[in-house]
Amino acid sequence: MAKKGTRLLLWVTVIGMLILVAGVVAAAVLLNQDEPLGDGDRWMYVKLAGLQDSPPTPSLFDDPADMPPMSSELTRMLRDAADDAAVPGLLIEVGGLGAGWAQVQEVRDAIATFRDSGKPCIAWAETWSNKEYYLATACDQVLMAPHGTALVNGLAVTQTYYAGTFEKLDVKANFEHVGDFKSAVEPYQRTGPSESAQEAMDLLLDGLYDEMLAGIADGRGISVDDARALVDTPPMVPGDALSRGMVDGLYYRDEAKDLVELHAGQAADLETEVAEDDRKELVHYRDYLAKRRKAWKQGKTKIAVIYAEGPIIDGSSTEDLFGGKVIGDSTVRQQLKDVREDDSVDAVVLRVNSPGGSGGASDAMWREIVLTQAEKPVIVSMGDYAASGGYYMSMSGDRIFAEPSTITGSIGVFGGKINVGGAMAKLGLSQHTSRRGEAATLLSGTHDFDEHEREIFRGYLGSFYQTFVSKAAEGRGMSFDEVHAVAQGRVWTGRQALERGLVDELGSLDDAIAYAVTQVPDADPASVALKRIPERKTLLEQLVEDMESPKREVLAPAVQADELAALAVVGAVPEARDALSGALALRQILAGGDVAAMLPGTITVE
């Protein structure tokens, strides 16, 4: 009876909140009727910060039609604006982008499209760092605050190795891997990278660094050597950044806006007095985006875009302990089945942004993708990552698109366990195990592999690797040996992957969608509607859904304990968040003896 009363109280609360939200939305509509964008002399103001690749988690009063934009919406909006006479120019304020290089590259390409249309674009920021400046160089002018800092100083990847700590704690890593370059286990077994792992990382960094320098050189109209000189000796002082041509002017935010609103972007005219009545106020991009969203819903050809973001696990898609997205195979399989059976959907674009995870879950989704292909085209668009399990999901696509800076490949597997028996003994905890069967302690967390168990586990991993490479070869139209030569756990950039036949084309999500349209008979490229999956919901809609069908998986007690420990660590060291998020996903995958198809740790290139 108490449970029914609690449920009734929750429903009454939800209904009351819905009424409140409806009132707030109605008032907002009355106070903010649609206004025309202008007669072609009002620039658009775009604020780029915290880019999100997939539908973001809503806040309480969010209207799905007015939620923060995804990167793909921004790119489509910018390309629409390039052809819109009502948008004569762009002023872009750049903040911390919080995204990987491929996602930044997609947005940069869309800005370049706007600039190539002959319309001016100005980028402004308080400070410039690597990704932010790379993006900004797609504009005609790059401005900075007079008190800002220009720290565009090259790329670095830092990985943490635990072997020394494990030795002190008497913790023993029992891992096996298949592939000379599958270095995901090295952080647990070594104090530094092996020669093959360092070779792979150097090639990856070279590829990303070359993309960065080429973009800066092209955007600023300088040589690659000059761009390299700017990065090697960064002009951190604003005056030096100006004198060395890294930026075109030093202005405060209000001055940058005045530059556009009063002088149409002409810095030379700033000294000229302009009457306030002649000010042409900037059009905020959110107003323009709201109109474009309505237009995008109309179209004869419907393309379903399924977003798969985060580590891959068995079960339902959810968020991890820190709010990061996690791909659950059962959720994605159902999404694929739904669009396969939906006669209104003409083609599918699978947007993969994942460092990998569970090998079994990846294979289950691969099967559903193959089934969907039998009914309608399935095109893959790779985001920042589509590696290992993320590549497994992608490899059967009818056509695979990747950005030059996408991190992909890593065709290889690993698995094993961590023996904490010695650490428990140091704490005074003694254990005694009785067993029947020669492999009874195969997955025990307090015993090392013996030779018999290790041989069994190696065979298990080897068999999965054979399956991985064979299916990749089938999907790519290559021989087993050809795939194996570029597999073995090696990580590539999108451009390097194209050269080795692992992807079909360099391009953005927009490009993948455009290609999907060409695969639909009698489709009109000018009349395309997108069905984004998962669909955006308000927080209240999500609350009601969760009340009816809670999504969070019940974790094993050991994993629950790990979560509590991770919370404590992140409270003291916030920078450890990403690493711990990946570690928890790996712990959940290995707890059941699954094969892990993941990148070597967290590869964050800054």
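Our structure is the block above this text.
Reading the values: rules and limits
- Residues numbered from 1 in each chain as written.
- Predicted model: local features only at pLDDT ≥ 70, side-chain atom pairs only at ≥ 80, totals over all residues.
- Heavy atoms only, no water.
- Pairing = 2+ DSSP bridges.
- Helix = DSSP H or I, 4+ residues; strand = E, 2+ residues; numbered from the N terminus.
- Disulfide = S-S within 2.5 Å.
- Buried < 20%, exposed > 50% of the residue type's maximum accessible area, 1.4 Å probe, protein only.
- Polar contact = N/O pair within 3.5 Å; in protein donor to acceptor, adjacent residues only side chain to side chain.
- Contact = heavy atoms within 4.5 Å.
- Salt bridge = Lys/Arg side-chain N within 4 Å of Asp/Glu carboxyl O.
- Arc of directions from axis to C-beta.
- Phe/Tyr/Trp six-rings, centres within 6.5 Å; stacked < 30°, edge-to-face > 60°.
- Lys NZ or Arg CZ within 6 Å of the ring centre and 35° of its normal.

## Remarks on the sheet that holds strand E2 (residues 90-94)
If you walk across this open sheet you meet the 6 strands as E8-E5-E3-E2-E1-E9, and the pairing is parallel. Looking at the sheet topology across the chains shown, the edges are occupied by strand E8 (249-250) and strand E9 (283-284). In this structure, strand E5 (residues 141-144) lies alongside E8, joined through 2 bridges in parallel fashion. What sits directly across from methionine 144, in E8, is leucine 250.

## Re the state of the cysteines
Under the counting rule described, the total for this entry stands at 1 disulfide. Note that cysteine 121 is cross-linked by a disulfide to cysteine 139, the S-S spacing being 2.1 Å. In this pair, cysteine 121 is assigned in strand E3 (residues 121-125) and cysteine 139 in the loop between helix H4 (130-136) and E5, connecting sequence segments 18 residues apart. Cysteine 139 carries the same exposure label as cysteine 121, and that label is buried.

## Examining the side chain of glutamine 103
With respect to the helices, strands and loops of the structure, glutamine 103 is situated in helix H3 (residues 101-116). Owing to a relative accessible area of 3%, glutamine 103 belongs among the buried residues under this scheme. Side-chain polar atoms of glutamine 103 contact the side chain of serine 71, separated by 2.5 Å. Leaving out residues up to four positions away in the same chain, glutamine 103 has contacts with Leu51, Gln52, Asp53, Ser71 and Asp384.

## Topic: the pairing of strand E14 (residues 347-354)
Walk down a regular strand and you will see the side chains alternate between the two sheet faces. Summarising burial for E14: 8 of the 8 residues are buried, a large majority. Across the two faces of E14 the burial is the same, with Ala347, Val349, Arg351 and Asn353 and Val348, Leu350, Val352 and Ser354 all buried. Of the strand pairs in this sheet, strand E10 (residues 301-309) and E14 are connected by 7 bridges, and their pairing is parallel. Looking at the pairing, alanine 308 lines up with valine 352 of E14. As defined by bridge partners, E14 adjoins strand E16 (residues 378-387) across 6 bridges and the pair is classed as parallel.

## Thoughts on the environment of glutamine 198
Tracing the backbone shows glutamine 198 in helix H7 (residues 195-220). The class of glutamine 198 is partly exposed, set by a relative accessible area of 33%. Expressed as a C-alpha distance, the spacing of glutamine 198 and serine 183, which sit 15 residues apart in the sequence, is 9.4 Å.

## Details of the pattern of salt bridges
Summed over the entire model, instances satisfying the criterion amount to 26 salt bridges. The salt bridge partner of aspartate 80 is arginine 292, with a shortest N-O separation of 3.0 Å. On the criterion of sequence distance, the pair formed by aspartate 80 in helix H2 (residues 71-82) and arginine 292 in helix H11 (residues 285-296) is long-range, its members being 212 residues apart. For aspartate 80, a relative accessible area of 21% gives the class partly exposed. With a shortest N-O distance of 3.5 Å, glutamate 126 and arginine 253 are connected by a salt bridge.

## Comments concerning helix H8 (residues 224-232)
Among the residues of H8, those classed as buried are Ala227, Leu230 and Val231. All buried residues of H8 lie within an arc of 95° about the axis, which places them on one face of the element. Exposed positions of H8 whose direction lies more than 90 degrees from the buried face are Asp225 and Asp232. Close packing links the buried residues of H8 with H7.

## A word on the packing of aromatic side chains
Enumeration over the complete set of coordinates arrives at 11 aromatic pairs. Between the NZ or CZ atom of lysine 257 and the centre of the ring of tyrosine 45, over which it lies, the distance is 4.7 Å.

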